Amino acid sequence: MLRWILPIMAAVGLLVAVGCSSESPAIVPTAEPANESAAQVEPTTKIASASQPEPAVVVPTVDYSDDAIKSHLATKLLEVGTQRVAFLLSTNKALVKAPQSRIVVSHQQGTDPVAEITADYNEWPYGVRGSYSTPIDFAEPGEYLLTVTPIGGDVEGDAHIPVTVLDDSPVPSVGDTPPSSATKTLGDGLELVDVTTAYEPDASLYEVSVADAVGSGKPSVIVFATPAFCTSPTCGPQVDIVAELRTAHPDAANYIHVELYDNPAEIQGDLSRAELVPAADEWGFTQIPEWTNESWVFVLDADGVIRQRFEGFATLGELEAALMAAAGS
């Protein structure tokens, strides 16, 4: 677990130095060698399959650079309906870690609020970073503005987060039955190095394919991530969190990690060799504008229907609550 501390702290320093903005500035990617003796890996911003289609949606940005509190939207793919929205806040000096924040939701071209809700702060592993998250119901597509005010901390002011809500998402969403992707497992005669870039993988996450899980009659927790080559410091910890969830509730669900690269054993620190798994296309990730292999987690019920979808990092508490709800507990 300690292997993730340095990348996370480095990312925090970068985040504070540049100031997170609602323009969603580019994140400087980091890469971790597949093992401790591997050579330094050249960072990459995007690896795509040759057949990758053009992005299905284009997300506009709005300049709120004068805000006293800066923001970084973690969930950029939003659609009509109720879904989890997550974001980070910072000032020029530090990350904002107030226990809660108030969100006023309005149309960008209107002044009357659509909703007013509260988001809780969720601390990430090792306590050096965290995000706010809450479910928001968007009744119709369009351009919205989230006006966010920290509550209970020593930071005063507002952050303004513009969001685009689509009619439909290219990625399977809550209420959908996802693709029955034939993902790799150790039962296919493969070794761990063939199915994951994780440094210390939990072999239990590679026993069941997505296709088998969807039709198993049992809830499932499926994480798509590339632990060694993520463009943020959270993909490795996200897979670890799913492994922790499995340890806490071993019989409650199928637990699956889908490595985003189809040939992890061949990459050997050189991402020019990398090929995306077919499931990346099947689940619509390659349709996301400027997608940079960030992690996604899906919680399915016993009928194989998605009951919660997490874009970006989700804490153990969030995943546990979603699993219990999907299992009817």
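Higher on the page you've got the structure.
Remember, predicted model here, so these are calculated numbers, not experimental data. (Residues numbered from 1 in each chain as written. Predicted model: local features only at pLDDT ≥ 70, side-chain atom pairs only at ≥ 80, totals over all residues. Heavy atoms only, no water.)

(A) Spotlight on the pairing of strand β5 (residues 113-123). With seven bridges joining them, strand β4 (residues 100-107) and β5 adopt antiparallel strand pairing. Pairing of Q100 across the sheet is with D120, part of β5. Bridge analysis of β5 against strand β6 (residues 130-138) gives four bridges, and the strand direction is antiparallel. Note on β6: the bridge partner recorded for D120 is S133. (Pairing = 2+ DSSP bridges. Helix = DSSP H or I, 4+ residues; strand = E, 2+ residues; numbered from the N terminus.)

(B) Structural context of the sheet that holds strand β11 (residues 296-300). The mixed open sheet is built from four strands, whose spatial order is β10-β9-β11-β12. At either margin of the open sheet sits one strand with a lone partner, and together these are β10 (254-259) and β12 (306-311). Direction aside, neighbouring strands of the sheet carry axes that sit 15 degrees apart on average. Taken together, the five bridges between strand β9 (residues 220-225) and β11 define a ladder with antiparallel strand orientation. Within β11, the position partnered with F224 by the bridge is W296. Across the face of the sheet, helix α4 (residues 235-248) comes into contact with β9, β10 and β11 while running at roughly 165 degrees to β9. (Axes fitted to C-alpha atoms, helices over the stretch in contact; angles between N-to-C directions. Contact = heavy atoms within 4.5 Å.)

(C) Up close: helix α7 (residues 316-326). Along α7, the residues classified as buried are E318, L319, A322, L323 and A326. Burial along α7 is one-sided: seen end-on, the buried residues are contained in an arc of 130 degrees. The first or second residue beyond α7 is G328, which carries a positive phi of 75 degrees. (Buried < 20%, exposed > 50% of the residue type's maximum accessible area, 1.4 Å probe, protein only. Arc of directions from axis to C-beta.)

(D) A look at the sheet that holds strand β2 (residues 78-79). Across the sheet, which stays open at both edges, the eight strands sit in the order β1-β3-β6-β5-β4-β7-β8-β2 with mixed pairing between neighbours. Because the sheet does not close on itself, it has two edges, and the strands there are β1 (70-73) and β2. The pairing of strand β3 (residues 81-90) with β6 spans seven bridges and is antiparallel. Residue pairing for β6: V85 is matched across the bridge by T134.

(E) Expanded view of the environment of P170. Position of P170 among the secondary structure elements: in the loop between β8 (159-166) and α2 (192-195). For P170, a relative accessible area of 25% gives the class partly exposed. Separated by 117 residues in sequence, P170 and Q287 place their C-alpha atoms 6.3 Å apart.

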